Amino acid sequence: MSDGKSDGMSRVTDAVIGGRKLVVLLADGLRADTARTYMGYLQALHEAGRAQWRSLRCELPSLSRPLYATVINGEPPLAHGILGNGQAGQALSHHLFHRLDAQGVPAAVAAYHWFYELLAGEVFDPLLHRDAVPASCGIAGARWYWEDDYPDSHLLADAESLRRTHLTVDVPSLLFIHPMGPDLAGHLHGGESTAYAMSARKLDMLLAQLLPRWHADGFDLLLTSDHGMNADRMHGGPLDIEREVPLIWAPHDGAVDLALPERQTAIAPWILARLGVDACR
């Protein structure tokens with residue numbers, strides 16, 4: 001009879017053959033055209049042949065909580081049932097983190113507390129759940145924030161601390177990061193404002209400091225968004241400016257031409273495939 005540790009290592013070894021280490025950054029409320037216009041570092045990578053840029057249309061309604069669910073679940077809101085931002089504490093019945101847990105692939109998450117609720121199935125309490133790890137999600141470490149104005153710089157530092165603490169073994173693993181800066185700027189000032197543009201510039205400058213470190217440690221980056229932003233400081237509908245989001249692939253090893261998801265519902269299975277994980281439930 002083998003002990004639990006050896007069984008767990010066997011699961012990791014079986015699951016991760018051919019997989020990659022991956023950072024997924026979901027920049028809340030970032031329009032595709034805003035990313036292309038203002039994110040100079042990521043554009044430099046593209047011009048140098050070190051990143052692939054695309055865009056895709058988010059699902060409807062183009063609201064945050066429903067699309068958080070879509071990104072990690074692989075289904076449109078009408079299928080998974082998260083249809084509005086007010087469904088606090090409602091869990092998804094299945095998502096990509098279940099697959100990571102089943103196949104022993106480690107993950108770390110730095111994200112808004114609505115992600116905690118989708119995974120844990122309970123209302124987030126900041127005094128109890130700041131670093132709570134939902135069960136059966138394959139998550140080795142987490143940091144959740146609950147104020148929309150929590151700085152992106154702080155969240156990315158949280159994420160890097162989680163990566164350096166929990167994702168140090170040279171096997172496929174996932175670092176999931178969800179900054180709020182563009183969405184907050186859009187809701188306060190509108191999607192055509194200088195503040196909204198500046199939020200994209202700031203995120204780009206932060207990535208210029210972090211991505212070389214991630215690449216040096218063998219991590220690839222996929223950057224996308226949940227939805228866009230209208231000039232009226234809202235989103236939720238079918239207009240292009242509310243649906244068109246960036247999709248940026250910046251691998252550490254030059255594998256730029258990898259096929260990317262065509263739809264937002266394809267992101268979750270794409271992530272699992274990059275990690276070497278069977279996407280079947």
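Conventions we followed
- Residues numbered from 1 in each chain as written.
- Predicted model: local features only at pLDDT ≥ 70, side-chain atom pairs only at ≥ 80, totals over all residues.
- Heavy atoms only, no water.
- Helix = DSSP H or I, 4+ residues; strand = E, 2+ residues; numbered from the N terminus.
- Rg over C-alpha atoms; globule rule 2.2 N^0.38 Å.
- Buried < 20%, exposed > 50% of the residue type's maximum accessible area, 1.4 Å probe, protein only.
- Contact = heavy atoms within 4.5 Å.
- Areas by Shrake-Rupley, 256 points an atom, 1.4 Å probe, with all protein chains shown as cover.
- Lys, Arg positive; Asp, Glu negative; His and termini not counted.
- Charge placed at Lys NZ, Arg CZ, Asp CG, Glu CD.
- Core = buried A, V, L, I, M, F, W, Y, C linked by side-chain atoms within 4.5 Å.
- Polar contact = N/O pair within 3.5 Å; in protein donor to acceptor, adjacent residues only side chain to side chain.
- Salt bridge = Lys/Arg side-chain N within 4 Å of Asp/Glu carboxyl O.
- Phe/Tyr/Trp six-rings, centres within 6.5 Å; stacked < 30°, edge-to-face > 60°.
- Axes fitted to C-alpha atoms, helices over the stretch in contact; angles between N-to-C directions.
- Parallel < 35°, antiparallel > 145°, perpendicular 65-115°, else oblique.
- Nonpolar A, V, L, I, M, F, W, Y, C, P; charged D, E, K, R; others polar.

Engineer: Help me out: how do you make sense of the overall build of the protein chain in this one?
Structural biologist: Helix and strand counts for the protein chain come out as 13 helices and seven strands. Computed over its C-alpha atoms, the radius of gyration of the protein chain comes to 18 Å, within 12% of the 19 Å expected for a compact globule of 281 residues. Its C-alpha atoms put the protein chain at 65 × 45 × 35 Å along the principal axes. Here the protein chain, with 281 residues, has 56% of them falling under the buried criterion. For the protein chain, the share of sequence-separated contacts (at least 6 apart) that also reach a separation of at least 24 residues comes to 72%. In the structure as shown, the protein chain presents an accessible area of about 11,500 Å², 53% of it carried by carbon and sulfur atoms. In the protein chain, 23 positive and 34 negative side-chain charges are present, and the distance between their average locations comes to 3 Å.

Engineer: Please explain the nonpolar core as it appears in this structure.
Structural biologist: Nonpolar side chains tend to gather and get buried jointly when the protein is soluble and globular. Core analysis: the biggest nonpolar cluster contains 77 residues, and Leu42, Phe97, Leu100 and Leu174 have the highest contact counts within it. Ignoring sequence-local partners within four residues, the contact set of leucine 174 consists of Leu22, Val24, Leu96, Phe97, Leu100, Pro106, Ala107, Ala108, Leu167, Ile271 and Leu275.

Engineer: Explain the environment of histidine 227 to me, please; I cannot follow it from the model alone.
Structural biologist: Secondary-structure assignment places histidine 227 in the loop between β6 (219-224) and α12 (240-243). Taking relative accessible area as the criterion, histidine 227 reaches 0% and is therefore assigned buried. Not counting the four nearest positions on each side in its chain, histidine 227 is found in contact with Asp28, Gly29, Leu30, Cys58, Ser62, Leu63, Ser64, Leu67, Asp183, His235, Glu242 and Val245. Separated by 3.0 Å, the side chains of histidine 227 and serine 64 make a polar contact.

Engineer: Can you walk me through the pattern of salt bridges in this structure?
Structural biologist: A side chain of one charge can pair with a side chain of the opposite charge if their charged atoms are brought near each other. Within the structure shown, the criterion is met by 14 salt bridges. For arginine 20, the salt bridge identified is with aspartate 253, shortest N-O distance 2.7 Å. Of this pair, arginine 20 sits in the loop between α1 (4-16) and β1 (21-26) while aspartate 253 sits in the loop between β7 (244-250) and α13 (267-274), and the two are 233 residues apart along the sequence. You can call aspartate 253 partly exposed: its relative accessible area is 43%. Where arginine 65 meets glutamate 117, a salt bridge forms, and the shortest distance between an N and an O atom there is 2.8 Å. Within this pair, whereas arginine 65 is found in helix α4 (residues 64-73), its partner glutamate 117 is found in helix α7 (residues 113-120), the two being separated by 52 residues in sequence. By the burial criterion, arginine 65 is buried, and glutamate 117 matches it. Here the residues in one salt-bridge network are Arg20, Asp220 and Asp253, joined through shared partners.

Engineer: What exactly am I supposed to notice about unusual backbone geometry here?
Structural biologist: Note: most residues except glycine have negative phi, and most peptide bonds are trans. Of note, the bond from leucine 60 into proline 61 is cis; its omega dihedral lies within 30 degrees of zero at 0°. With respect to the helices and strands, proline 61 occurs in the loop between β2 (52-57) and α4. Residue serine 136 is not a glycine yet carries a positive backbone phi of 60°. Position of serine 136 relative to the elements: it lies in the loop between α8 (126-129) and β4 (139-145). The backbone phi angle of arginine 233 is positive, close to 75°, even though this residue is not glycine. Topologically, arginine 233 is positioned in the loop between β6 and α12.

Engineer: Looking at this model, I keep getting lost on the packing of aromatic side chains. Mind explaining?
Structural biologist: The geometry of an aromatic ring pair is captured by the separation of the ring centres together with the interplanar angle, meaning the angle of the planes. Overall, the coordinates contain eleven aromatic pairs when judged by the stated rule. Between the aromatic rings of phenylalanine 124 and tryptophan 146, the centroid separation amounts to 6.1 Å while the plane-to-plane angle is 35°, which identifies the pairing as tilted. With a gap of 22 residues between them, phenylalanine 124 in the loop between α7 and α8 and tryptophan 146 in the loop between β4 and α9 (152-166) connect regions that are remote in the sequence. Of the residues examined, tryptophan 146 reaches a relative accessible area of 34% and is grouped as partly exposed.

Engineer: Would you explain the side chain of threonine 265 in this entry?
Structural biologist: Here threonine 265 shows up in the loop between β7 and α13. A residue is classified by how much of its surface remains accessible, and threonine 265, at 15% relative accessible area, is buried. Residues contacting threonine 265, with those up to four places away along its chain left out, are Glu59, Thr70, Gly74, Glu75 and Pro76.

Engineer: Sorry, what's going on with the packing of α9 against helix α11 (residues 194-216) here?
Structural biologist: Relative orientation and spacing of two packed helices are given, respectively, by the angle between their axes and the distance between those axes. Across the interface, α9 lies against α11 with an axial gap of 10 Å and an inter-helix angle of 10°. Classified by the angle between their axes, α9 and α11 sit roughly parallel to one another. Along the contact surface, α9 presents Asp152, Ser153, Leu156, Glu160 and Arg163, while α11 presents Leu203, Leu206, Leu210, Arg213 and Trp214.

Engineer: Please explain the packing of helix α10 (residues 181-189) against α11 as it appears in this structure.
Structural biologist: In the contact formed by α10 and α11, the axes pass within 8 Å of each other and the chain directions differ by 175°. On the basis of the axis angle, α10 is roughly antiparallel to α11. Across from Gly181, Pro182, Ala185, Gly186 and His189 in α10, the residues of α11 making contact are Ala195, Tyr196 and Ser199. For the contact of α10 with α11, the residue count by class is four nonpolar, four polar and no charged.

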